[in-house]
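# Fold and geometry: a report
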Amino acid sequence: MTAAFHVLTTGYADERVAGTVTLLVDGETVVIVDPGMVADRRLILDPLAPHGLSPQDVTDVIFSHHHPDHTLNAALFPEARFHDHMAIYRDDVWEDRDADGYRLSPSITLMTTPGHTAEDVSTLVTTAEGLVVLTHLWWTAEGPADDPFAPDRDQLRVAREKVLALGPALIVPGHGAPFTPSASTPV
């Protein structure tokens, strides 16, 4: 079984900032990853319609980390469960769990990857194209090679190596378009 993934809006980080927001569909599981800052909320909501989805159809939201540029628009999805590095949240229920290895569906798994922050989570998605990793270990394919906000550069390097060792077909970075990792991908 494989999941489908669709970039709803591609992020950027320059004079302005927006996170890359992604839709994952695996059977009945409909996931939005990093519904953060964007120029207009319609950039997140309008692309759902061509997939036959509304905000109420979203079952889960994943936060790669808790910076506003990745979380600000979470409330757009009123029926969703919310996932981070340590728990699942829904309404007034807080369920502690370790994110590392947590499976949302047969093709969608979380992996802890501290780097950009100490609490980062990457989303591993098995697709028809191969493994896709949604992560903030890289901002874009172009860099920065050395994350200026990473609290521990060695921790970032180890997490990047962990992701690259999986042999992903694509990496969806925090603020850019998906890219195919290569020998020149920063570690």
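The sections below set out a description of the structure shown in this document. This one's a predicted model, so the numbers in the text were calculated from it and none came from an experiment. (Residues numbered from 1 in each chain as written. Predicted model: local features only at pLDDT ≥ 70, side-chain atom pairs only at ≥ 80, totals over all residues. Heavy atoms only, no water.)

This brings us to the overall build of the protein. Check the secondary structure of the protein and you find 2 helices and 14 strands. On C-alpha atoms alone, the protein measures out to a radius of gyration of 15 Å, which is about the 16 Å that the 2.2 N^0.38 rule sets for 187 residues. Projected onto the principal axes, the alpha-carbon positions of the protein cover approximately 40 × 35 × 35 Å. Across the 187 residues of the protein, 51% fall into the buried class. For the protein, the accessible area works out to roughly 8,500 Å², and carbon and sulfur atoms hold 54% of it. Both charge centroids of the protein, one from 11 positive and one from 27 negative side chains, sit 1 Å from each other. (Helix = DSSP H or I, 4+ residues; strand = E, 2+ residues; numbered from the N terminus. Rg over C-alpha atoms; globule rule 2.2 N^0.38 Å. Buried < 20%, exposed > 50% of the residue type's maximum accessible area, 1.4 Å probe, protein only. Areas by Shrake-Rupley, 256 points an atom, 1.4 Å probe, with all protein chains shown as cover. Lys, Arg positive; Asp, Glu negative; His and termini not counted. Charge placed at Lys NZ, Arg CZ, Asp CG, Glu CD.)

The next subject is the sheet that holds strand β11 (residues 108–112). As summarised here, the arrangement of the 5 strands in space is β10-β11-β12-β13-β14, forming an open sheet in which the pairing is mixed. In this open sheet, the two strands that pair with only one neighbour each are β10 (103–105) and β14 (170–172). With strand direction ignored, the average angle separating the axes of adjacent strands in the sheet is 25 degrees. Bridge count for strand β12 (residues 121–127) against strand β13 (residues 130–134) is 5 bridges, and the pairing is antiparallel. Across the sheet, residue Thr-127 finds its bridge partner in β13, namely Gly-130. (Pairing = 2+ DSSP bridges. Axes fitted to C-alpha atoms, helices over the stretch in contact; angles between N-to-C directions.)

Omega for the bond connecting Gly-143 with Pro-144 falls within 30 degrees of zero, at 10 degrees, which places this linkage in the cis form. With respect to the element layout, Pro-144 can be found in the loop between β13 and α2 (153–165). One non-glycine residue, Asp-34, lies in the positive phi region at around 60 degrees. Along the chain, Asp-34 falls in the loop between β5 (29–33) and α1 (42–45). Assessed through its relative accessible area of 5%, Asp-34 is described here as buried.

We now examine the pattern of salt bridges. Applying the stated criterion across every chain, the model contains 6 salt bridges. With its nearest N and O atoms 2.8 Å apart, the salt bridge here joins Asp-146 to Arg-153. (Salt bridge = Lys/Arg side-chain N within 4 Å of Asp/Glu carboxyl O.)

Our next topic: the side chain of Asp-120. If you trace the backbone, Asp-120 turns up in the loop between β11 and β12. At 9.1 Å, Arg-160 is the nearest oppositely charged side chain to Asp-120, a buried residue that forms no salt bridge. For Asp-120, the side chain forms a polar contact with the side chain of Thr-117, separated by 2.5 Å. Among all residues touching Asp-120, those that are not within four sequence positions of it are Ser-64, His-65, Met-111, Thr-112, Thr-113, Pro-114, Gly-115 and His-136. (Polar contact = N/O pair within 3.5 Å; in protein donor to acceptor, adjacent residues only side chain to side chain. Contact = heavy atoms within 4.5 Å.)

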